[in-house]
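The primary structure of each chain is shown beneath.
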Amino acid sequence: MSESPAPFEVRAWLILVTRDLNNATEIADYWIEPSRREARFFARPARRAVGRTVAPNRNSTLISNKIVVMWLKSRLSAYIRHNRFLRQLLASMLDLAPVVTVILFFQILVIQQPIPEAGRFVWGMFLVVLGLTLFVQGLNLGLFPLGESMAHAFARKGSMLWLLVFAFALGFGTTVAEPALIAVADEAARIAEEGGVIAASDESRKSYALGLRIAVALSVGFAVVVGVIRIVRGWPLPYVIIAGYIGVVVMTVFAPREIIGIAYDSGGVTTSTITVPLVTALGVGLSSSIQGRNPMIDGFGLIAFASLMPMIFVMGYGMIL
């Protein structure tokens, strides 16, 4: 006996949430055809719930199906479906919905206090949604295509030297300007000053923060170079990752205790808003341009190097100071 089809509203909403509105409309057209397919839909076996047999509610299912179809075929849905900005705006709202839900749940039901400055909270959420939408739009329109096209161009050029120079410059340049790294480096310099690790002066703080940023940026540049060589040579990703983490463990044994936490955190802040899009586009574009490489297998993994190498470099930086 063939398996009964999944309920329409589950399939349609699942595809709707995953942004593929055209396929959702096609499923709606298929499942709402009358009589023959309705009979097939409602002929599925009855469900079991808490030890008793529960038959599906045909009327409520029909109503929910028709509501979904009315939305999918409405002018507003069609306009959103064909407008890239509005589609991304809706996607950003869906992405942030769990975060807002968690905050409101604990604030209202657990802490049982009103939201302080609710107006500012709503305005801030609006700016977050708008900013995330514009950011993702910028990635899709600018950074991702640019990174992939440059990777294709270097692959066609056939110069390994220039490809590695570009990979290092890309890793270094994107990381040294990373806002999260700047914030962590400044905070680390302040804590180092309070702990007596460096002299209590603005010059010492700035020098320490700048040195930390340069160490992390150099490590990411080196990591991207290693990742590019891995893609070109076809090295297995797990072996390189395991070797890198062995280096992290060895450096942890010898590094000063004060720098270990900063080193581990620096691996996370490098994989943020600027570095990830360009480095990912480089890996995917390069693996797509080389014969015998699979973008799904070989194109990803550069971000893993970019988060691993800073731990080793920053611990080495702490040992030198």
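Keep in mind that what you see is a predicted model, and the values were worked out from it rather than measured.

Calculation notes
Residues numbered from 1 in each chain as written. Predicted model: local features only at pLDDT ≥ 70, side-chain atom pairs only at ≥ 80, totals over all residues. Heavy atoms only, no water. Helix = DSSP H or I, 4+ residues; strand = E, 2+ residues; numbered from the N terminus. Buried < 20%, exposed > 50% of the residue type's maximum accessible area, 1.4 Å probe, protein only. Contact = heavy atoms within 4.5 Å. Areas by Shrake-Rupley, 256 points an atom, 1.4 Å probe, with all protein chains shown as cover. Axes fitted to C-alpha atoms, helices over the stretch in contact; angles between N-to-C directions. Parallel < 35°, antiparallel > 145°, perpendicular 65-115°, else oblique. Left-handed = near helix turned anticlockwise from the far one by under 90°. Core = buried A, V, L, I, M, F, W, Y, C linked by side-chain atoms within 4.5 Å. Salt bridge = Lys/Arg side-chain N within 4 Å of Asp/Glu carboxyl O. Phe/Tyr/Trp six-rings, centres within 6.5 Å; stacked < 30°, edge-to-face > 60°. 1 Å grid on protein atoms, 1.4 Å probe; cavity = no way out; pocket = protein on both sides within 12 Å on 5 of 7 lines; lining within 4 Å. Points joined across faces, edges and corners; volume = space filled by probe spheres on them. Nonpolar A, V, L, I, M, F, W, Y, C, P; charged D, E, K, R; others polar. Patch = residues over 30% accessible without salt bridge, like charges linked within 9 Å, V, L, I, M, F, W, Y side chains within 5 Å. Lys, Arg positive; Asp, Glu negative; His and termini not counted. Polar contact = N/O pair within 3.5 Å; in protein donor to acceptor, adjacent residues only side chain to side chain. pLDDT = per-residue confidence, 0-100.

**Student:** Is there a simple way to explain the overall build of the protein chain in this structure?
**Tutor:** The helix and strand tally for the protein chain stands at 15 helices and two strands. Here the protein chain holds 321 residues, and the buried ones make up 37% of them. Sequence-distant contacts, at least 24 apart, represent 73% of the contacts inside the protein chain between residues at least 6 apart. Looking at the protein chain as shown, the accessible area adds up to about 18,600 Å², and 67% of this sits on carbon and sulfur atoms.

**Student:** How should I be thinking about the packing of helix α7 (residues 118–157) against helix α8 (residues 160–176) in this particular structure?
**Tutor:** In helix packing, the relevant descriptors are the interaxial angle and the interaxial distance, both defined with respect to the helix axes. Closest axis-to-axis distance for the α7/α8 pair is 8 Å, and the angle between their directions is 155°. When the axes of α7 and α8 are compared, the pair comes out roughly antiparallel. As for the relative orientation of α7 and α8, their crossing is left-handed in sense. The residues of α8 that touch α7, namely those facing Met150, Phe154 and Lys157, are Trp162, Leu163 and Phe166.

**Student:** Which parts of the structure should I look at to understand the nonpolar core?
**Tutor:** Taken as a class, soluble globular proteins show a tendency for nonpolar side chains to be buried jointly. Counting residues in hydrophobic clusters, the biggest one holds 48 residues, and the most contacted among them are Tyr208, Leu282 and Met315. Secondary-structure elements contributing two or more residues to this core are α7, α8, α9 (179–194), α10 (202–233), α11 (237–254), α12 (257–269), α13 (275–289) and α15 (302–320). Among the elements that take part in this core, α10 stands out by supplying twelve residues, more than any other. Contact partners of Leu282, with chain neighbours within four places excluded, come to Gly147, Ala151, Phe166, Ala167, Leu170, Val224 and Val228.

**Student:** Would you mind showing me how to read the pattern of salt bridges here?
**Tutor:** Side chains that carry opposite charge are capable of pairing whenever their charged atoms lie near each other. This structure, assessed with the given rule, holds five salt bridges. With a closest N to O distance of 3.0 Å, Arg120 and Glu117 form a salt bridge. Accessibility expressed as a relative area gives 52% for Glu117, which makes it exposed. A salt bridge links Arg190 to Glu194; the shortest N-O distance between them is 2.7 Å. Of this pair, Arg190 and Glu194 are both found in helix α9, four residues apart, which corresponds to roughly one turn of the helix. Judged by relative accessible area, which is 57%, Glu194 ranks as exposed.

**Student:** Just to check I follow, could you spell out the packing of aromatic side chains for this structure?
**Tutor:** Within the structure shown, the criterion is met by five aromatic pairs. For the ring pair Phe168 and Phe172, a centre distance of 6.2 Å and an interplane angle of 20° mean the geometry is stacked. Remark: Phe172 and Phe168 occur in helix α8; sequence separation between them is four residues, near one turn of the helix. On the basis of relative accessibility, which here comes to 33%, the residue Phe168 falls in the partly exposed class. The exposure class of Phe172 is partly exposed, given its relative accessible area of 27%.

**Student:** Looking at this model, I keep getting lost on the layout of surface pockets. Mind explaining?
**Tutor:** Rolling a probe over the atoms, with the probe sized like a water molecule, indicates the empty space that remains. One number sums up the size of the largest pocket: a volume of about 310 Å³. Ala192, Tyr208, Glu258, Ile259 and Ile262 are, among the 17 residues lining the largest pocket, the residues nearest its centre. Its residues assigned to classes, the lining of the largest pocket comprises eleven nonpolar, three polar and three charged.

**Student:** Explanation requested: a nonpolar patch on the surface in the structure shown.
**Tutor:** Taken together, the side chains of Val102, Phe105, Phe106, Ile108, Leu109, Val110 and Ile111 make up a nonpolar region of the molecular surface, amounting to roughly 650 Å² of accessible area. In this fold, Val110 is placed in helix α6 (residues 84–110).

**Student:** Hey, could you run me through the side chain of Arg230 in this one?
**Tutor:** Looking at where Arg230 falls in the secondary structure, it is placed in helix α10. For the buried Arg230, no salt bridge exists, and the shortest N-O distance to an oppositely charged side chain is 4.2 Å, to Asp298. Only 2.9 Å separates the side chain of Arg230 from the backbone oxygen of Asp298, close enough to count as a polar contact. Apart from the residues within four sequence positions on either side, Arg230 is in contact with Trp235, Leu237, Val240, Ile297, Asp298, Phe300 and Phe305.

**Student:** What is the right way to look at the packing of α8 against α10 in this model?
**Tutor:** With their axes 7 Å apart at the nearest point, α8 and α10 run at an angle of 145° to one another. For α8 against α10, the interelement crossing comes out right-handed. For the contact of α8 with α10, the residue count by class is 18 nonpolar, three polar and one charged.

**Student:** Sorry, what's going on with the environment of Leu282 here?
**Tutor:** Among the secondary structure elements, Leu282 is positioned in helix α13. The class for Leu282 is buried, based on a relative accessible area of 1%. Sequence separation between Leu282 and Ser149 is 133 residues, and the spatial gap between their C-alpha atoms is 8.5 Å.

**Student:** Hey, could you run me through the environment of Thr275 in this one?
**Tutor:** Relative to the helices and strands, Thr275 resides in helix α13. Given a relative accessible area of 0%, Thr275 falls into the buried group. Among all residues touching Thr275, those that are not within four sequence positions of it are Thr174, Thr175, Glu178, Val220 and Thr270.

**Student:** Would you explain the confidence of the model for the protein chain in this entry?
**Tutor:** Detailed reading of the predicted coordinates is not advisable wherever pLDDT is low. For the protein chain, the mean per-residue pLDDT works out to 76, and 74% of the residues sit at or above 70. Strand β1 (residues 47–49) is the least confidently modelled element of the protein chain, averaging 41 in pLDDT, while α11 averages 91, the highest of any element. The low-confidence segment residues 1–22 (pLDDT under 50) makes 39 contacts with residues lying over four places distant or belonging to another chain. Below pLDDT 50 for its whole length, residues 24–56 participates in 45 contacts with residues either more than four positions away or in separate chains.

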